[in-house]
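Residue-level listing of the chains:
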Protein chains: 2
Amino acid sequence: MSDPLAQTDRTKVRRIAERGSFDRDLVNSIIDEAYLAHVGFVIDGAPKVLPMTYGRDGDVIYLHGAVGNAMLRASTDAEVCVTITLLDGLVMARSAFHHSMNYRSVVLLGEAVKVDDEDEKRRAFDVIVDHVLPGRTETARATNPSELRSTLVLKLPIDEGSAKIRTGGAVDDEEDHGLPVWAGVIPLALVAGEPEQDALQLDVPELAGLTPPVPARPTSARR
Amino acid sequence: MSDPLAQTDRTKVRRIAERGSFDRDLVNSIIDEAYLAHVGFVIDGAPKVLPMTYGRDGDVIYLHGAVGNAMLRASTDAEVCVTITLLDGLVMARSAFHHSMNYRSVVLLGEAVKVDDEDEKRRAFDVIVDHVLPGRTETARATNPSELRSTLVLKLPIDEGSAKIRTGGAVDDEEDHGLPVWAGVIPLALVAGEPEQDALQLDVPELAGLTPPVPARPTSARR
């Protein structure tokens, strides 16, 4: 059992608190299953949220982007909010009011710190690539020093934050239970389609025969 | 052809600008296809991002939540950022550096205004429910006055913002084209599974025979 995340006044789950959790293993499982984070930062006093890829190494999340990325620069050594959401289903209630969604989400808060150490930066790069497809860095051409230099890497400790989860069916008012309106859950899952190989490789018999990588995640996420 | 969105200094797409667009029809199509928005706001100077459902009525986005929702209260008459992202595929390059994702995203900025007018509030509610499943409000039990009173509805004009899209295959450096590493795209799509009817209805023959609603969106989104 890992240590739970820090429960602070600003990470307390306020709405329907029983859906909240500070369990680190649960938080990590959501982080590891999703592909995208929505990263919030404050620029000139106003909020801005952008979708980003990321990677997790133990108790740290790495983000990256071009050195000129205005958002990453504004986030360097500044407070950020990294929110990761998996949508698991549409909850159809008998009443319009009780419609809902099943989801698993994580909200992480803290200061995003720039990674300057070259070894850690290289490792962060690997972690981000392997997050998409475990083991991918063993086959892909490794990141070179000039690519590393052109990239800004930020890290955020997985420390202050929480998970929130909704599962299960519709929760209608008792007096609505007999209404002739279909109620239940329509499950949703992110599913991978057939890999589409690069046209340049298709022209070369030995490259056209390469085995496409199979992402285990989207199909295993089906529930 | 609709009017484009306002192009301001803070909505200019900076990184890889050719992927950006202010086309209103494109922006609306992304808003209409997704189920979740990630809404950013500033609380005590720090950013916070939460996943929320929403609905679109013409050039307006509606958000809602419980009257006690701290986030919605902090967002009332304050600057928010509503970001909506569809993940379409994993782009596998020959080099670790050029791995990417195909996506369609919208970022909307502006002041979220509380809706006080009861008719507009009711209409916003319908728009949010029908966003999940078009026509659902025609069958579900309508929202009653007490449910309306317990709900805070905010609206944001779709005015200042932009879309950003990546499509297509891996873009590797020319000297890497011959590397024996599979390159291409693994398409991803949110797919609906078999509807799971509410257990209480399954016990009543005439209710167990209700036709489940079919969400057109997830399967049609498959690409």
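Residues numbered from 1 in each chain as written. Chains lettered and ligands numbered in written order. Predicted model: local features only at pLDDT ≥ 70, side-chain atom pairs only at ≥ 80, totals over all residues. Heavy atoms only, no water.

Draft legend 1. Seen up close, empty space enclosed by the protein. Summed over all chains, the structure comprises one cavity of 30 Å³ or more. Empty space within the largest cavity amounts to approximately 650 Å³. Broken down by secondary-structure element, the contributors of at least two residues to the lining of the largest cavity are strand 6 (78-92), strand 10 (184-192) and helix 8 (216-220) of chain A together with strand 6 (78-92), strand 10 (184-192) and helix 8 (216-220) of chain B. For the lining of the largest cavity, a count of residues per class yields 22 nonpolar, six polar and eight charged. (1 Å grid on protein atoms, 1.4 Å probe; cavity = no way out; pocket = protein on both sides within 12 Å on 5 of 7 lines; lining within 4 Å. Points joined across faces, edges and corners; volume = space filled by probe spheres on them. Helix = DSSP H or I, 4+ residues; strand = E, 2+ residues; numbered from the N terminus. Nonpolar A, V, L, I, M, F, W, Y, C, P; charged D, E, K, R; others polar.)

Draft legend 2. Fine view of the relation of the copies chain A and chain B. Superposing chain A onto chain B takes a rotation of 180° combined with a translation of 0.0 Å along the rotation axis, leaving an RMSD of 0.0 Å. Such a turn and shift between the copies fits a two-fold axis. Considering only C-alpha atoms, the part of chain A nearest the rotation axis is leucine 190 of chain A, at 2.1 Å. Looking at the interface residues of chain A, 100% of them are also at the interface in chain B, so both copies use one shared face. (Least-squares fit on C-alpha atoms with pLDDT ≥ 70 in both. Contact = heavy atoms within 4.5 Å.)

Draft legend 3. Layout of helix 1 (residues 24-33) of chain B. Among all positions of helix 1 of chain B, only Arg24, Val27, Asn28, Ile30, Ile31 and Glu33 of chain B are buried. Of the residues flanking the start of helix 1 of chain B, the one acting as N-cap is aspartate 23 of chain B, its side-chain oxygen 3.1 Å from the backbone nitrogen of aspartate 25 of chain B. (Buried < 20%, exposed > 50% of the residue type's maximum accessible area, 1.4 Å probe, protein only. Polar contact = N/O pair within 3.5 Å; in protein donor to acceptor, adjacent residues only side chain to side chain.)

Draft legend 4. Region of interest: the environment of proline 157 of chain B. All names here are of chain B. Within the element layout of this structure, proline 157 appears in strand 8 (residues 151-157). The sequence separation of proline 157 and asparagine 144 amounts to 13 residues, and the corresponding C-alpha distance is 26 Å. Each residue touching proline 157, except ones within four places of it in the same chain, is listed here: Asp59, Val60 and Glu111.

Draft legend 5. Representation of the domain arrangement of chain A in the model. All names here are of chain A. With domains assigned, chain A is organised as domain 1 (17-188) and domain 2 (192-223). Look at where the C-alpha atoms of domain 1 and domain 2 centre, and you get two points 25 Å apart. Listed per partner, the contact involves eleven residues of domain 1 and seven residues of domain 2. When domain 1 packs against domain 2, close to 730 Å² is buried across both sides, 50% of that on carbon and sulfur atoms. When the buried surface of domain 1 facing domain 2 is broken down by residue, Glu33, Tyr35 and Leu133 rank first, second and third, together holding 54% of it. On the surface where domain 1 and domain 2 come into contact, there are zero salt bridges. The tally of links between domain 1 and domain 2 comes to zero residue pairs in polar contact (both at pLDDT 80 or more). When residues of the side of domain 1 that touches domain 2 are traced back to their parent elements, those giving at least two are helix 1 (24-33) and helix 3 (118-132). Partitioned by chemical class, the residues of the side of domain 1 that touches domain 2 number five nonpolar, one polar and five charged. (Domains from an automatic or database assignment. Buried area = accessible area lost by both parts, 1.4 Å probe. Salt bridge = Lys/Arg side-chain N within 4 Å of Asp/Glu carboxyl O.)

Draft legend 6. Broad picture of the nonpolar core. Of all hydrophobic cores here, the largest spans 28 residues; its most connected members are Ile31, Val82, Ile84 and Leu108 of chain B. Of all elements in the fold, only helix 1, strand 2 (37-43), strand 5 (60-66), helix 2 (70-75), strand 6, strand 7 (100-114), strand 8 and strand 9 (160-166) of chain B reach the threshold of two or more residues within this core. A per-element tally of this core places strand 6 of chain B first, with four residues. The residues contacting isoleucine 31 of chain B, other than those within four sequence positions of it, are Tyr54, Arg56, Ile61, Ile84, Val106, Leu108, His131 and Ile158 of chain B. Formed by 27 residues, the second largest nonpolar core is a distinct cluster that contains Ala37, Tyr54, Ile61 and Leu86 of chain A. (Core = buried A, V, L, I, M, F, W, Y, C linked by side-chain atoms within 4.5 Å.)

Draft legend 7. Examining the side chain of glutamine 201 of chain A more closely. On the secondary structure map, glutamine 201 of chain A appears in helix 6 (residues 199-202). Glutamine 201 of chain A gets classed as buried once you look at its relative accessible area, which sits at 0%. Every residue in contact with glutamine 201 of chain A, bar those within four places of it in the chain, is listed here: Leu207, Ala208 and Leu210 of chain A together with Arg94, Leu179, Val181, Trp182 and Ala183 of chain B.

Draft legend 8. Representation of the packing of aromatic side chains in the model. Scanning the entire structure with this criterion turns up two aromatic pairs over all chains. Taking 6.0 Å as the distance between ring centres and 25° as the angle between the ring planes, the aromatic pair formed by phenylalanine 125 of chain A and phenylalanine 97 of chain B counts as stacked. Taken together, the residues span two chains, with phenylalanine 125 of chain A in helix 3 and phenylalanine 97 of chain B in the loop between strand 6 and strand 7. Residue phenylalanine 125 of chain A is classed as buried on the basis of its relative accessible area, which comes to 3%. (Phe/Tyr/Trp six-rings, centres within 6.5 Å; stacked < 30°, edge-to-face > 60°.)

Draft legend 9. Spotlight on the pairing of strand 2 (residues 37-43) of chain A. All names here are of chain A. Taken across its seven residues, strand 2 has five buried, putting it largely inside the fold. Two strands pair when backbone bridges link them, and strand 2 and strand 3 (residues 46-52) are joined in this way by seven bridges, in the antiparallel orientation. Residue pairing for strand 3: histidine 38 is matched across the bridge by proline 51. Where strand 2 folds back onto strand 3 in an antiparallel hairpin, the turn is made up of two residues, including aspartate 44, whose phi is positive at roughly 55°. (Pairing = 2+ DSSP bridges.)

Draft legend 10. Summary view of the pattern of salt bridges. Within this structure, the stated rule accounts for 30 salt bridges over all chains. A salt bridge links aspartate 176 of chain B to arginine 141 of chain A, with the nearest nitrogen and oxygen atoms 2.7 Å apart. Note that aspartate 176 of chain B is positioned in the loop between strand 9 and strand 10 and arginine 141 of chain A in the loop between helix 4 (136-139) and helix 5 (145-149), a pairing that runs across two chains. When sorted by exposure, aspartate 176 of chain B lands in the same class as arginine 141 of chain A, which is buried. For arginine 94 of chain B, the salt bridge is made with aspartate 198 of chain A, and the minimal N-O distance between the two is 3.3 Å. You can see arginine 94 of chain B sitting in the loop between strand 6 and strand 7 and its partner aspartate 198 of chain A sitting in the loop between strand 11 (196-197) and helix 6, one on each of two chains. Residue aspartate 198 of chain A is classed as buried on the basis of its relative accessible area, which comes to 11%. A network of salt bridges, in which partner residues are shared, links Arg141 and Glu147 of chain A together with Asp173 and Asp176 of chain B.

Draft legend 11. Spatial organisation of the interface of chain A and chain B. Each partner contributes to the interface: chain A provides 86 residues, whereas chain B provides 86 residues. Counting each side, the surface lost to burial between chain A and chain B is near 7300 Å², with a carbon and sulfur contribution of 67%. Considering only the surface of chain A that becomes buried against chain B, Phe97, Arg141 and Trp182 of chain A emerge as the three largest contributors, covering 10% of it. At the surface where chain A touches chain B, the tally comes to six salt bridges. The tally of links from chain A across to chain B stands at 35 residue pairs in polar contact (both at pLDDT 80 or more). Looking at which element gives the most residues to the side of chain A that touches chain B, the answer is strand 10 of chain A, with nine residues. Broken down by class, the residue content of the side of chain A that touches chain B amounts to 49 nonpolar, 22 polar and 15 charged. Here strand 10 of chain A runs beside strand 10 of chain B; their pairing, made up of five bridges, is antiparallel. Residue pairing for strand 10 of chain B: leucine 190 of chain A is matched across the bridge by leucine 190 of chain B.

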